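Here's the letter readout for the chains.
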Amino acid sequence: MKKNIYLFEIEDIIANQAKLPYRTGLIWSYCDEIEKIKKNYKLDGWFWFRDERNTPENIFKKISNPSVVALSCFVWNWNWNIKVAKKIKDKWPNCLIVFGGWQPPIADRSKGFFKQYPYVDFICHGEGEITFKDILLENLKVSPNWANILGCSIPGRLIKNRTNIEILNIKDSLKIESRNKVKKINLLDTFITPPRKRINNLAEMPSPYLNGLFDKIIKDCKYDLEATIETTRGCPFGCTFCEIG
């Protein structure tokens, strides 16, 4: 039986317009081309706007035995996402809760995160396509080693051996500044995996517009559709008002 995946990229309805979930669309477009993922997983739900029908309570009723739930997190959906994530973890404790986007802290600021949000399993830093693919493949193993997933912050409870462990200090979320050995990390301490290299060729990443992925989710949408097109990734600046930096 295939494992169920649920994707969340919740946006508000503004002027009767619903914004297509481009970020999670890119990630799932890439993962869905991996034969082992197609064989073992089913995208059982994709939630991308909130209205009177898509409340946390109503969406929760549509979820069944999830294996992995991924949430794209920004300031406008953060409170909504943490509420849903906690409800899912409470009912299905073995489900992996994966956070991405710009609202969760970057690698060099994620210390203490899992003490505040113990129901989260991963923060994916930066680009998510390859990282999420690696999480899905590792999840198929009998004894997964989550420390192998690059570009993440994870709680100590996911580490097999929590004694005499090497802790990385990350600078600017991009490079390893130093390494320190500690005798033990606790269950909710933050463990940071090595940074993941940027994707060099974006042309290799499949488009949810071109592969028909969005066709399935807009079929019964009653709202006008707003489409996002990404022309660049990353920025050398860090303007506080901009999600790219």
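To start, this report covers the structure provided alongside it. (Residues numbered from 1 in each chain as written. Predicted model: local features only at pLDDT ≥ 70, side-chain atom pairs only at ≥ 80, totals over all residues. Heavy atoms only, no water.)

### Quick look at the packing of helix α1 (residues 22-31) against helix α6 (residues 129-138)
- Look at α1 against α6: their axes get within 9 Å of each other, and the N-to-C directions meet at 55°. If you check the angle between α1 and α6, you find them oblique. Relative to α6, the crossing made by α1 is right-handed. Judged by residue contacts, Leu26, Ile27, Trp28, Tyr30 and Cys31 of α1 engage Glu129, Ile130, Phe132, Lys133 and Leu136 from α6.
- Per-class residue counts for the contact of α1 with α6 are eight nonpolar, no polar and two charged. (Axes fitted to C-alpha atoms, helices over the stretch in contact; angles between N-to-C directions. Helix = DSSP H or I, 4+ residues; strand = E, 2+ residues; numbered from the N terminus. Parallel < 35°, antiparallel > 145°, perpendicular 65-115°, else oblique. Left-handed = near helix turned anticlockwise from the far one by under 90°. Contact = heavy atoms within 4.5 Å. Nonpolar A, V, L, I, M, F, W, Y, C, P; charged D, E, K, R; others polar.)

### Details of α6
- For α6, the tally of buried residues reaches eight of 10 residues, placing the bulk of the element in the interior.
- Within α6, burial applies to Glu129, Thr131, Phe132, Lys133, Asp134, Ile135, Leu136 and Glu138. (Buried < 20%, exposed > 50% of the residue type's maximum accessible area, 1.4 Å probe, protein only.)

### Description of the sheet that holds strand β3 (residues 41-50)
- The seven strands lie next to each other as β3-β1-β4-β5-β6-β7-β10, forming an open sheet whose pairing is mixed. A strand with exactly one partner marks an edge of an open sheet, and here the two such strands are β3 and β10 (190-192). Sheet twist, expressed as the average angle between the axes of neighbouring strands with direction ignored, equals 20°.
- Two elements, strand β1 (residues 3-12) and strand β4 (residues 66-73), share five bridges in a ladder whose sense is parallel. The residue of β4 that forms the bridge with Leu7 is Ala70.
- With respect to the sheet, helix α4 (residues 78-91) is in contact with β1, β3, β4 and β5 (96-101), its orientation differing from that of β4 by roughly 170°. (Pairing = 2+ DSSP bridges.)

### Overview of the nonpolar core
- Within the largest apolar cluster, 38 residues are counted, with the highest numbers of intra-cluster contacts made by Phe122, Phe132 and Leu136.
- In terms of residue count, the dominant contributor to this core is β3 (four residues).
- Ignoring sequence-local partners within four residues, the contact set of Phe132 consists of Ile5, Leu7, Ile27, Cys31, Val68, Ala70 and Val98.
- Phe8, Phe60, Ala85 and Ile123 belong to the second largest nonpolar core, which has 26 residues in total. (Core = buried A, V, L, I, M, F, W, Y, C linked by side-chain atoms within 4.5 Å.)

### Considering the environment of Lys183
- Within the fold, Lys183 resides in strand β9 (residues 175-184).
- You can call Lys183 exposed: its relative accessible area is 72%.
- Separated by 22 residues in the primary sequence, Lys183 and Met205 place their C-alpha atoms 41 Å from one another.
- If sequence neighbours within four positions are ignored, Lys183 has contacts with Arg162, Thr163 and Asn164.

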